[in-house]
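Each chain is listed here by its residues.
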Amino acid sequence: MKSFRISFINLLCLYLRFSEDHGGRCSDTVWQLPEPTISHLEAVSDKQSLVVSWLLNHSSSAGGINEIQISRTEDHVIIYNKNVSARSVGSHGYEWTWTSDLPLECVDHFVRVRHFYNRSVPSPWSKWKANSGAKAKTITMFPRDQMLKVGSNATFCCVPPAGVNITSITLSDREYPLISIGAGVKAIAVENLRFPTHIFKFLILNCRDSTGISRSIMNRVSFPPQKPRNLSCVTSSMTTVTCTWDPGRKLHPNDRNKRTYTLHVENTDLAPIECQTWSCTFPSIPHLNEYNVTVVVKDKLGEEAQSYSFNISDRVFPVVKWDSVSPGVTDATMSWIIQGNFTQLCCQLTVNTKATTALNCSGINGPCKVKVEHLLPSTHYSTRVRCSANGMLWGNWTQPKPFMTHPLVTLNLWRKIKQLSYPYTRQVTLLWKMDVSGSAATETAKAYTVQWWPEGKNKTVWTDGGQTQAQVSIGPQQCDFTVKAVLHAGSSIPARITIPKLDDRENLPEEKRLSSGSAAGFNLSWSEWDQPTCGYTVEWCILGDPVSPLQWKHIPEGNNTLLLPAGHFKPGCRYTFNIYGCTENGHRLLEIQTGYSQELGAVPSPSLVEPVQTTSSSVTLEWRYSEDDPSHVAFITGYLVTVKEVGPNMLPCHSAAMDVFNISVADPRRKSVTVEGLKQSQEYTFCVSALTKNGPGQPTSITIATRTDYSTQLVKILTFTLFSLSCIILLWCQRKLLKRRLTEVFVYPAGMSIKTPELISFLQQTGERVPSHKMEECITCDIEILNSHPPLVKPSTLRENRPVFMSTPSPGSQSSDSSPSPPCVVPVQDYCPHSVTPLREGPALQQITCMANKSYFYPMVEESPETQGETTSSEVKASFDLSDGQQSSCTVTYGYVSNDTL
């Protein structure tokens, strides 16, 4: 019906238009639509926008289409012409906003509008509404002091004074092509504005006119706001709600594009809440579970918004606050407080982000507590905790809470047991050393507590922190002791030791010597015991030194060796090592070992026992020496006895002398020796020194003379005496015959005169010519002198023209006054003539004289001292052989010649 009416009206108008009386007056008078009236035109310079408001004077035009035209300059150059849908303002008003690409200040802008009825019948255009541009007396540039969007396109203009043209426009020192707008106004178009890289975040626009004048202005550049991301809302106590989001790109510190964040709770009466950049908190509404929130961010370049809906019961994130962290040695106790009233929570706790401990706790009955074990002593740790109300959504981790476990302080406990004079009473000395692990080596103890249980009763003794031992008297029963250090933070791990039951039948093991090598310490080893249940303990100290502290070391079970470095020991000091086996009933002594880490050679000299027992060929020495004296710097392995004859230029105990021989005593407990094979009546020097691994020590010396063997001398004297007596008796019986024989021998032959000096000279020459023979040449040499009874007128010539010596009577011999002694012919060496040619004829008695020279040589033995210095004797014997029936006389002479004269 409506379309029919419209069609009818249109036909009627056409008919009237073409009639004569009423042509053309239908549209002008009856059907002309009213002209719109622009009531308001407002320029928003910072946004380069024009806000246009207009009114329609006919109600039938409501809801139609509006056409708007925008022109520039007085020539009305149309730059915009479009149909728009305007926003209704009141019953007959409309409003519309247009944004210009050119700053509105550059030139004049004009706006007009018309309305289309039923989208087809237009109304007349409204009058032009002008928005005047800037009228400059000097160069003026637009936009100025504006916040421009990074990445957008912008147009910059320069307005010169009247009659002046713009010759160039540069932006940040870059010149752009000029765009003529009119009346001398020039502009440039810049695409994709970039964010400045220099410290000042703005763009510099420079314009130069035809007169050479240039002007500059600045405009800032910034990023537009971003829509908040990851918007989420949680509650920690059900009384407040906190929403957080990611604001996106951060503003540069020199960026002055300030942004504002506003939270709108849509389904409540709460006013918009100003927020921080990334979070906002608002109070919860009682009994309201569902919430719709919107976060709006605004700045000079625009605004963005983000919405989020949630149920508050599903967005509970408990907030945890640390209460305390109490570390121990290998554990730590931690407690925290949960904000809000929660009946049941599940919490997670981590230590060094590795181990996670889960537990259930309540936020109503006080702090939640947990004890973390299996930590290392003297170690830095960091812990965090978080909780959840439903086991699905976890609250934030707390800030890391650092802590450090206490140092591991243990006591290295040992004991000494001494039997007292009182029956069945023992004095136990407890010794301990504090061992601190980790970096807390300076940890000190405030005190020590010693506990033991004699006969089931508990006894406790407190000692000062500076003491490391305690003495306690106990009976014969087994007793357990516990020692604990009281530290500034807690206490040490208690150390326990058991004193075994008194056993009088226990025998000490045999002591073993350790062979010392180089200065490398001690390498101990012992026989493995099949009974220990808690290993072994080795204790040691310097033997004989009461000031030396007792040292000990515990060895774990299954190990029967111990290497102790030399830095803990002094060279030349004897150490005793007692090796104990550990059982549940106490320690049992297994072995005793002694030794030196390094043996030295300077041991003292022995002490000789006097008087010394001597004989003519031996000396027995005795001495005193403590081979087990702990003050020795080495083990005594024996003794060395040095013997030498006393003589000139001989040093005491000088072993390099040729007449020195040594006697070694391998047993250090034997302290006597008998030296045999010595000369009688001879002085000897004896030196005695103790032997060690490094050689003899300091010697002690004594000089002793052997005795004289009077029995041998007495036998010799008695033998000579008996022989002499026998000779005397024999000679006494034949004294008359001997006297007659001697008279005949020492009577010189008639006419022969022998002087005594000649005989002496003869004997001397004979001794020179006939020297003592060596043992291998001959034993005896006979010299025979043959004398004829008649007087010798002229000596016969001997073989090889050897001289003839005349014998002379022996000293003390008597000769007859009436008859001279007959002459004797003496051949040299072994020549012995059998006969001499007589000087006259006729039978006559011959006198034969023989003289024998015998040398006696004793065997020389170089090895035996008894044979040295013996005298070799020479015997001269004269023998006479007379023929039967002849009367003759001869003198027998014995003489001894010493080797010193040969």
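The structure displayed is predicted, hence computed values, not measured ones.

## What to know about the environment of Ile592
At step 1: Tracing the chain through its elements places Ile592 in strand 46 (residues 586–596).
At step 2: Under the relative-accessibility criterion, Ile592 is labelled buried at 12%.
At step 3: Along the sequence, Ile592 and Thr576 sit 16 residues apart, while their C-alpha atoms lie 7.0 Å from each other.
At step 4: With near-sequence residues (within four places) excluded, Ile592 lies in contact with Pro509, Glu510, Glu511, Lys512, Thr576, Phe577 and Asn578.

## Details of the pairing of strand 34 (residues 426–436)
At step 1: Of the pairings in the sheet, the one linking strand 33 (residues 409–419) to strand 34 comprises 11 bridges and is antiparallel in character. The partner of Leu411 across the bridge, within strand 34, is Met434.

## Re the state of the cysteines
At step 1: Applying the stated rule across the entire model yields seven disulfides.
At step 2: Each sulfur of the disulfide joining Cys158 and Cys207 lies 1.5 Å from the other. In this pair, Cys158 is assigned in strand 12 (residues 154–159) and Cys207 in strand 17 (residues 202–209), connecting sequence segments 49 residues apart.
At step 3: Residue class for Cys207 comes out buried when judged on its relative accessible area of 0%.
At step 4: At a sulfur-sulfur separation of 1.9 Å, the disulfide partner of Cys233 is Cys243. With the S-S dihedral at roughly 105°, the linkage between Cys233 and Cys243 falls on the right-handed side. Placement of Cys233 in strand 19 (residues 229–234) and of Cys243 in strand 20 (residues 240–246) is noted, with a sequence separation of 10 residues between them.

## Looking at the packing of aromatic side chains
At step 1: Tallied over the full model, the rule gives 25 aromatic pairs.
At step 2: Here the aromatic rings of Trp540 and Phe577 are separated by 6.0 Å at their centres, their planes lie at 40°, and the arrangement is tilted. With Trp540 in strand 42 (residues 536–542) and Phe577 in strand 45 (residues 574–583), this residue pair connects regions lying 37 residues apart in the sequence.
At step 3: With a relative accessible area of 9%, Trp540 lands in the buried category.
At step 4: When its relative accessible area of 0% is taken as the criterion, Phe577 is described as buried.
At step 5: Their ring planes at 45° and their centres at 6.4 Å tell us that Tyr684 and Phe686 sit as a pair that is tilted. Each of the two residues, Tyr684 as well as Phe686, counts as buried.
At step 6: Ring pairs connect the aromatic residues Phe522, Trp540, Phe569, Tyr575 and Phe577, which therefore count as one cluster.
At step 7: Above the ring of Trp125, the side-chain terminus of Arg112 is found at 4.4 Å from the ring centroid.
At step 8: Over the ring of Trp414 we find Arg415, and its NZ or CZ is 4.6 Å from the ring centre.

Definitions and limits used
- Residues numbered from 1 in each chain as written.
- Predicted model: local features only at pLDDT ≥ 70, side-chain atom pairs only at ≥ 80, totals over all residues.
- Heavy atoms only, no water.
- Helix = DSSP H or I, 4+ residues; strand = E, 2+ residues; numbered from the N terminus.
- Buried < 20%, exposed > 50% of the residue type's maximum accessible area, 1.4 Å probe, protein only.
- Contact = heavy atoms within 4.5 Å.
- Pairing = 2+ DSSP bridges.
- Disulfide = S-S within 2.5 Å.
- Phe/Tyr/Trp six-rings, centres within 6.5 Å; stacked < 30°, edge-to-face > 60°.
- Lys NZ or Arg CZ within 6 Å of the ring centre and 35° of its normal.

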